Structure formats: C-alpha cells, structure tokens
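Descriptive analysis of the structure
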Amino acid sequence: MNLSTKVAIVTGSGRGIGRAIALKLAEVGATVVVNDVGDAKPVEAVAGEIKAMGRECLPVMADVSLSSDVARLVEETLAAYGRIDILVNNAGINRDQLLLRMSEEDWDKVLAVDLKSVFLCTKAVLRHMAKQRWGRIISISSIVGIMGNKGQANYAAAKAGIIGFTRTIAKEVASHGVTVNAVAPGFIDTEMTQRLKEEWKQELKRHIPLGDFGSPRDVAEAVAFLASEEAKYITGQVLGVDGGM
Ligand code: NAP
C-alpha cells in the first residue's frame, strides 16, 4: 500500500478514530489535512506527529457541519497542495437520550455533524476528484446505523443515512474513477465510548464475538485499505469493523 502521491482530508482528526486514520494514512505516505473544531492543540499535536514521520501535514480548524467552513477547508487544501485525492468523513458526535426525552436541538445537532457534514464535504471535493479521474471517499458510519441502539435514535438515523448516501453516490460517480465506501465500526475504545458506564461496557463485551472493544487503529487499517489503489474495484460497500457483532 503506497499513498505517497495522494492528499487526504480527515475530518475530526484531533483525537480518537480520526487521529488514528490520519496517522495511518501518513504512515503509508499520504499528505494529510487534519481537521477539528474547538481546541486547536490536539490537531497541532497530530500535525506534529505526522511531520515527525517526514510527511506533509496541514491543520485546518473548521466545523464540518457548516458549508462556509467546509468551503474554506477545501480551499486551504487546494491552496497548499493543489489536489484532493482522499476524503475521510470521520467527524461525529452523539447526544444520547430516549426518544420521548430527546430535544429537537439534540436531534438537529447530531444530524448536522454526523450526516449533513458528509453531504457538504463530499459535494465540496467531488468536482476535484472527478476532474482528476481518481478519488476515494470513505465515511465512518456505525454498527448502530445498521442494528439500532436504545437511546440513540438521532445517531442511528444519521449513521444509517450515511449508508444510503454512500450507496447512492457510489453509483453517481463510479464513471469518474471515484469510489465511495463506508466503514461501520462496532464499539471502539475512544473518548466516545470511555464515557459509558463500566457495567454497560461489560454487558456490551459479552455481545462481541471477539470479546473486546476494538482500537482506533483497527478502524484506521480498514480505511487505509479502502483508500488504496488495491481497493479500486470496491465501491458502494459498508465494511464492518466490529469484532464479529
Ligand atoms: P471522538 O473521540 O469523540 O472524536 C470525534 C472527533 O470529531 C473529535 O476530534 C471532535 O472534535 C471532532 N468533531 C466533532 N464535531 C466536529 C465538527 N462539527 N467539525 C469538525 N470536527 C468535529 O469520537 P470517535 O470515537 O473517535 O469517533 C469518530 C467517528 O467514528 C465518529 O463519526 C463516530 O460516530 C464514529 N464511531 C465511533 C465508534 C466508537 O465506538 N468510538 C463506533 C462507531 C462509529 P472536538 O474534540 O473539538 O470535539
């Protein structure tokens, strides 16, 4: 696997799964644009790690649920490197609550960050990828978007939405040399899952055939494969990284 001529944008890559994806893509040679919202320090730390590997890296703070920020993210990438080959739609949040207690605000926020961002970022990079006749779009869905999960109606709807979006755009852009896939992680050890109560974590682990939560690196390996030349005949797919759940 060699991505040394490729430029990748990884959204939400200041920590967790996004950070692991950014580091893995850099490890196999890619130039990486790391993005996050809020505190700039984690993104600069990831950028520092990538530069220490001898790779190019540009940190861009942007809220990917806002079209003006997404336009700036793409403009800054093109200004720095003149191309975009790989987009990883990773940024995501959850605001869990049973439906009867779920506020409209929490519904809207999760749908904006987890699903609308995928529409905005994909649309913003597609023209450039189509012109190059090469592109890879990989979006991080979730097993919750396939199976559902009590207390996560907003998150499950957004993550299921990513799957429908992926299968549709894959068909729209296949003739332009762009592949579009999703990765659906199960339970991965990040800040998102570290917030779960210990007894609930133990209960979840009983339902994972491989017996434990995955690591961000497990997801990053799958993303790097889908981003590679070797995955050129794979599009419109949802790859589970879930320990067999
Ligand atoms: P995480 O540790 O909470 O990290 C999410 C990252 O996204 C953070 O760096 C966060 O930035 C960033 N982000 C949030 N809103 C953003 C926005 N509007 N614009 C740009 N960046 C934004 O989560 P994670 O566990 O690594 O999850 C990464 C992705 O995998 C998410 O899409 C998540 O739904 C999905 N996933 C996770 C699991 C799991 O078990 N962990 C399972 C299935 C799917 P801040 O630090 O500024 O908040």
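See the structure above.
The text that follows walks through the structure, step by step, so that each part is easy to find. Just so you know, these numbers come straight off a predicted model, no measurement behind them.

1. As for the packing of aromatic side chains
As enumerated under the stated definition, the model contains one aromatic pair in all. Above the plane of the ring of Trp134 lies Lys6, whose end atom (NZ or CZ) is 3.8 Å from the centre. Here the basic side chain of Lys205 rests over the ring of Phe213, its NZ or CZ set 5.1 Å away from the ring centre.

2. Remarks on the site of the ligand
Contacts to the ligand come from 28 residues, most closely from Asp36, Val37, Asn90, Tyr155 and Thr190. Note that a nitrogen atom of the ligand is positioned 3.5 Å from one of the backbone N or O atoms of Ala62. In the model, an oxygen atom of the ligand is placed 2.7 Å from a nitrogen or oxygen of the Asn90 main chain. When the ligand is considered free in solution it has 890 Å² of accessible area, and contact with the protein chains removes 91% of it. Mapped onto the shell around the ligand, the elements with two or more residues apiece are helix H1 (16-27), strand S2 (31-36), helix H6 (153-173) and helix H7 (191-194).

3. A short note on the packing of H1 against helix H9 (residues 216-227)
For the pair H1 and H9, the least separation of the axes is 8 Å and the interaxial angle reads 50 degrees. Considering the angle they form, H1 stands oblique to H9. Judged by the twist between their axes, the crossing of H1 over H9 is right-handed. Residues Gly16, Ile17, Ala20, Ile21, Lys24, Leu25 and Glu27 of H1 form the contact with H9, whose participating residues are Pro216, Arg217, Val219, Ala220, Glu221, Val223, Ala224 and Ala227.

4. Let's talk about the nonpolar core
Counting residues in each nonpolar core, the largest one holds 34 residues, and the members touching the most others are Ile21, Leu25, Val32, Val34 and Ile50. Those elements giving two or more residues to this core turn out to be strand S1 (7-10), H1, S2, helix H2 (41-52), strand S4 (86-89), strand S5 (135-140) and H9. If we skip the residues at most four places from it in the chain, Val32 touches Ala8, Val10, Ala22, Leu25, Ala26, Ile50, Glu56, Cys57 and Leu58. Membership of the second largest hydrophobic core comes to 26 residues, among which are Ile9, Val60, Met129 and Val178.

5. Let's talk about the pattern of salt bridges
Enumeration according to the criterion identifies 12 salt bridges in this entry. Between Lys201 and Glu198 there is a salt bridge, with the nearest N and O atoms lying 3.9 Å from each other. Highlighted residues: Lys201 and Glu198, both in helix H8 (residues 198-206), separated by three residues, approximately one helical turn. Exposure remark for Lys201: the relative accessible area of 14% places this residue in the buried category. Members of the salt-bridge network, linked through shared partners, are Lys24, Glu27, Arg217 and Glu221.

6. Remarks on the side chain of Gln152
Note on placement: Gln152 falls in the loop between helix H5 (144-147) and H6. Every residue in contact with Gln152, bar those within four places of it in the chain, is listed here: Asn94, Asp96, Gln97 and Val144.

7. Section: the sheet that holds strand S6 (residues 178-185)
Here we have seven strands laid out as an open sheet, ordered S3-S2-S1-S4-S5-S6-S7, and parallel in their pairing. In this open sheet, the two edge strands, each paired with only one partner strand, are strand S3 (57-61) and strand S7 (238-241). Across the sheet, the axes of successive neighbouring strands diverge by a mean angle of 15 degrees, strand direction being ignored. When S1 meets S2, the two strands line up parallel, connected through four bridges. Looking at S2, one finds that Ile9 is bridged to Val33. Sheet strands touched by H2: S2 and S3. Its angle to S2, the strand with the most contacts, is close to 170 degrees. Its contacts with the sheet put helix H4 (residues 104-132) on S1, S4, S5 and S6, and the angle it makes with S4 is roughly 175 degrees.

Thresholds, definitions, all that
- Residues numbered from 1 in each chain as written.
- Predicted model: local features only at pLDDT ≥ 70, side-chain atom pairs only at ≥ 80, totals over all residues.
- Heavy atoms only, no water.
- Phe/Tyr/Trp six-rings, centres within 6.5 Å; stacked < 30°, edge-to-face > 60°.
- Lys NZ or Arg CZ within 6 Å of the ring centre and 35° of its normal.
- Near = heavy atom within 4 Å.
- Polar contact = N/O pair within 3.5 Å; in protein donor to acceptor, adjacent residues only side chain to side chain.
- Areas by Shrake-Rupley, 256 points an atom, 1.4 Å probe, with all protein chains shown as cover.
- Helix = DSSP H or I, 4+ residues; strand = E, 2+ residues; numbered from the N terminus.
- Axes fitted to C-alpha atoms, helices over the stretch in contact; angles between N-to-C directions.
- Parallel < 35°, antiparallel > 145°, perpendicular 65-115°, else oblique.
- Left-handed = near helix turned anticlockwise from the far one by under 90°.
- Contact = heavy atoms within 4.5 Å.
- Core = buried A, V, L, I, M, F, W, Y, C linked by side-chain atoms within 4.5 Å.
- Buried < 20%, exposed > 50% of the residue type's maximum accessible area, 1.4 Å probe, protein only.
- Salt bridge = Lys/Arg side-chain N within 4 Å of Asp/Glu carboxyl O.
- Pairing = 2+ DSSP bridges.

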